[in-house]
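# Examining the three-dimensional arrangement
Chain by chain, the residues:
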Amino acid sequence: MNSPPPLWIRNFVEGRFVEPDPDRSFPAVDPATGSVIARVHEADRALVDRAVTGARRALDTGWAQTPVRERAALLRRAADRIQERFEEFVAAEVADTGKPVTQARELDVARALTNFRTFADVVAAAGQESFLTELPGGRTALNYAVRKPLGVVAVIVPWNLPLLLLTWKVAPALACGNAVVVKPSEETPATATLLAEVLAEVGLPAGVYNVVHGFGPDSAGQYLVEHPSIDGVTFTGSSATGAHVMKTVAPRVRPVSFELGGKNAALVFDDVDLDEALDGLSRSVFTNTGQVCLCTERVYIQRSIFDDIAAGLAERARALRLGSPLDTETTTGPLISQAHREKVLSYFELAEQSGASIIAGGRVPELGPGLDDGSWIAPTLWTGLTNADRVVREEIFGPVAALIPFDTEAEAIALANDTDYGLAAAVWTNDLRRGHRVAQSMRVGMAWVNTWFLRDLRSPFGGVGLSGIGREGGESSLHFYTEPTNVCVQL
Ligand code: NAD
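A quick note: this is a predicted structure, and the numbers were derived from the prediction, not measured. (Residues numbered from 1 in each chain as written. Predicted model: local features only at pLDDT ≥ 70, side-chain atom pairs only at ≥ 80, totals over all residues. Heavy atoms only, no water.)

This part takes up the overall build of the protein chain. For the protein chain, the count of helices and strands is 15 helices and 21 strands. Over its C-alpha trace the protein chain gives a radius of gyration of 23 Å, about what one expects of a compact globule, namely 23 Å for 491 residues. Partitioning the intrachain contacts of the protein chain with sequence separation of at least 6 by distance along the chain shows that 74% fall at a separation of at least 24. About 19900 Å² of surface is accessible on the protein chain, with carbon and sulfur atoms providing 53% of the total. (Helix = DSSP H or I, 4+ residues; strand = E, 2+ residues; numbered from the N terminus. Rg over C-alpha atoms; globule rule 2.2 N^0.38 Å. Contact = heavy atoms within 4.5 Å. Areas by Shrake-Rupley, 256 points an atom, 1.4 Å probe, with all protein chains shown as cover.)

Spelled out as structure tokens, the structure:
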């Protein structure tokens, strides 16, 4: 019997899908079941070059000069079209990541729409800076800045929130009149490809949005950042890859925007409303199977409530429902791949060697037929670790957290800030002044008080230290995706 032809995930270059090359392809795997769902055409250097030169041509033949209101209108049409094809995006994201369908609907694809709509609004409302400079003798000079597109932007994104993170960059880049060459994660190629269809359907000129598939080193990712015609790189991924990308573009002095890893802390004070804090903590540790850069992996708890928080969080970990992503009752999907599970399991071993006690999880669960070959892992909590342990210092990127007691506010702040990362923190307290005080003393890009992952897309997003360079969101995105030319006119 003949097997059915493979479903191809294709590259999208110069406004067209490229005929795939079976000799240069890799499988797309559903991490919930371990089954191959498609083949992905890996772009070679020549194809990446075509994408970049095509993007440059598209810029030069008019896209960069398109009036802002037309670009904003196009972004709104893109959002409307994603809405119309909503369930296709959901299905593609679920198949690539194994994440629960409910989450894909409520978070991933919903945020993609919002990203387009938000940046249509932000760019339409943006003004230009001007200064009236007083000169000796009573004369003045008018200084104003004209913002121009950055140019051809390389967009490199990871697998954890594929469409959400992609559109978070593509929407403002297009809003500002740039052309983009997108390199989605090799683990999650589908939704970036579907987005190419949508953008073509709503009238984006050929060459403005390109997708090249492949890996990092010696593949499409590296070819893209090495390309001499790239004007900037916006990258979300691990800190180690970020450092590598930075080195690659350094000789050509290109701007970078980096959203990198995290080892985020929660600080829980003894004046909290226990149930509210526990629900919030549970979300912050376990959302997307802990595979959100903002997820909490270190929970510092004031000693008098340590046992209550530990017991309550363990109870919530055990209540999570792992299972088929298509079941709307499922709360927790698999890890992205077997390779990533190996990495997470290596930290289970390290935790044991460091003398940790497991108060929830700590094992590979058995979920039964159909899911046996998926990369599942039980939500896991440890006590008995300290900031000196690697498990508490290194990003694990799984549904895991170390619970550590503290006595005073000063100690909590010192423990939370004792990290090379600096992405996010969450402070749980009912004391208003303490909330502000502690949040402001966090060495991070984003600090929440009594909530987590609550985002106003006009506010700056990013991290310090190993967690990144620059900010995106609202005006911050407009600043990255444009270059100002200052004009000074003596009056
Ligand atoms: P990764 O760094 O392995 O890969 C990210 C992307 O970079 C992928 O598309 C990959 O193919 C590409 N890449 C890898 N090597 C490259 C190279 N040498 N040149 C060019 N491109 C290259 O990260 P990942 O495992 O896909 O994602 C998980 C990481 O992303 C975690 O560290 C997580 O914290 C981070 N992350 C950060 C944020 C944020 O906003 N700060 C958001 C989500 C994820």
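Turning our attention to the packing of aromatic side chains. The tally for this structure, following the rule as stated, stands at 10 aromatic pairs. When the ring of F26 is compared with that of F215, the centres are 4.6 Å apart and the planes differ by 50 degrees; the resulting orientation is tilted. Of this pair, F26 sits in strand β4 (residues 25-29) while F215 is found in the loop between β10 (209-211) and α7 (220-226), placing the two residues 189 residues apart along the sequence. Between W168 and F461, the ring centres sit 6.0 Å apart and the planes meet at 75 degrees, which makes this aromatic pair edge-to-face. Taken together, the residues span a long stretch of sequence, with W168 in helix α5 (residues 162-175) and F461 in the loop between β19 (446-449) and β20 (468-469) at a distance of 293 residues. (Phe/Tyr/Trp six-rings, centres within 6.5 Å; stacked < 30°, edge-to-face > 60°.)

Right, let's get into the pattern of salt bridges. What the rule picks out here adds up to 29 salt bridges. Between D407 and R303 there is a salt bridge; the shortest N-O distance is 2.9 Å. One end of the pair, D407, is in the loop between β17 (400-406) and α13 (409-417); the other, R303, is in the loop between β14 (296-302) and α10 (306-319), with 104 residues separating them in the sequence. The shortest N-O distance in the salt bridge between D456 and R458 comes to 2.7 Å. D456 gets classed as partly exposed once you look at its relative accessible area, which sits at 35%. Because the salt bridges share partners, they merge into one network encompassing R81, E84, R85, E88, E197 and E201. (Salt bridge = Lys/Arg side-chain N within 4 Å of Asp/Glu carboxyl O. Buried < 20%, exposed > 50% of the residue type's maximum accessible area, 1.4 Å probe, protein only.)

Moving on, we get to the pairing of strand β13 (residues 264-268). Among the 5 residues of β13, 5 are classified as buried, and the element is accordingly described as predominantly covered. Across the two faces of β13 the burial is the same, with N264, A266 and V268 and A265 and L267 all buried. Where β13 meets β14, 5 bridges bridge the pair, whose relative direction is parallel. Bridged to V268 within β14 is I301. Handedness of the β13-helix α9 (residues 274-286)-β14 crossover: right-handed. In this structure, β13 lies alongside strand β18 (residues 424-428), joined through 4 bridges in parallel fashion. In the sheet register, V268 faces β18, and the bridge partner there is W428. (Pairing = 2+ DSSP bridges. Right-handed = clockwise from strand over helix to strand, strands pointing away.)

The interhelical angle for the contact between helix α3 (residues 86-97) and helix α4 (residues 101-125), taken along N-to-C directions, is 120 degrees, at an axis separation of 9 Å. The orientation of α3 with respect to α4, classified from their angle, is oblique. Here α3 runs over α4; the crossing is right-handed. Between α3, through F86, E87, F89, V90, E93 and V94, and α4, the contact on the second element is made entirely by V101, A104, R105, D108, V109, A110 and L113. Looking at the contact of α3 with α4, its residues break down into 9 nonpolar, no polar and 4 charged. (Axes fitted to C-alpha atoms, helices over the stretch in contact; angles between N-to-C directions. Parallel < 35°, antiparallel > 145°, perpendicular 65-115°, else oblique. Left-handed = near helix turned anticlockwise from the far one by under 90°. Nonpolar A, V, L, I, M, F, W, Y, C, P; charged D, E, K, R; others polar.)

Pairing is antiparallel in the open sheet, where 3 strands are placed in the order β6-β7-β21. Lying at the two open borders of the sheet, with one neighbouring strand each, are β6 (130-134) and β21 (482-490). Going from strand to strand, the sheet's axes swing by 25 degrees on average, the running direction of each strand aside. Strand direction decides the pairing type here: β6 and strand β7 (residues 140-149), joined by 5 bridges, are antiparallel. Counterpart to S130 in the pairing with β7 is Y144.

Turning to the domain arrangement of the protein chain, a few remarks are in order. Splitting the protein chain by domain gives domain 1 (8-260 + 466-490) and domain 2 (264-456). Using only C-alpha atoms to locate each centre, domain 1 and domain 2 end up separated by 30 Å. Facing 27 residues of domain 1, the contacting portion of domain 2 comprises 30 residues. Buried surface at the junction of domain 1 and domain 2, both sides included, amounts to about 2200 Å², of which 60% is carbon and sulfur. The interface formed by domain 1 and domain 2 holds 0 salt bridges in total. Viewed at the interface, domain 2 and domain 1 are joined by 11 residue pairs in polar contact (both at pLDDT 80 or more). Among the elements of the structure, α3 and α4 are those that each provide at least two residues to the side of domain 1 that touches domain 2. Tallying contributions element by element places α4 first for the side of domain 1 that touches domain 2, with 6 residues. A breakdown of the residues in the side of domain 1 that touches domain 2 according to their chemical character gives 11 nonpolar, 10 polar and 6 charged. (Domains from an automatic or database assignment. Buried area = accessible area lost by both parts, 1.4 Å probe. Polar contact = N/O pair within 3.5 Å; in protein donor to acceptor, adjacent residues only side chain to side chain.)

With that out of the way, let us pick up the side chain of Q302. Note on placement: Q302 falls in strand β14. For Q302, a relative accessible area of 9% gives the class buried. In this structure the side chain of Q302 is engaged in a polar contact, spanning 2.8 Å, whose partner is the backbone nitrogen of D270. Apart from the residues within four sequence positions on either side, Q302 is in contact with V268, F269, D270, F406, D407 and R434.

Right, let's talk about helix α1 (residues 45-60) for a bit. Over its 16 residues, α1 runs 23 Å from end to end, which matches the ideal 22 Å to within 8%, given 1.5 Å per residue. Taken residue by residue, α1 has L47, V48, A51, V52, G54, A55, A58 and L59 as its buried positions. The buried residues of α1 all sit within an arc of 160 degrees when viewed along its axis, so they share a single face. Set apart from the buried face of α1 by more than 90 degrees, the exposed residues are A46 and D60. Contact partners of the buried residues in α1: β2 (12-13), β5 (36-41), β8 (152-156), β9 (179-183), β10 and α7. Immediately beyond the C-terminal end of α1, within one or two residues, lies G62, with a positive phi of roughly 135 degrees. (Expected span 1.5 Å × (residues − 1). Arc of directions from axis to C-beta.)

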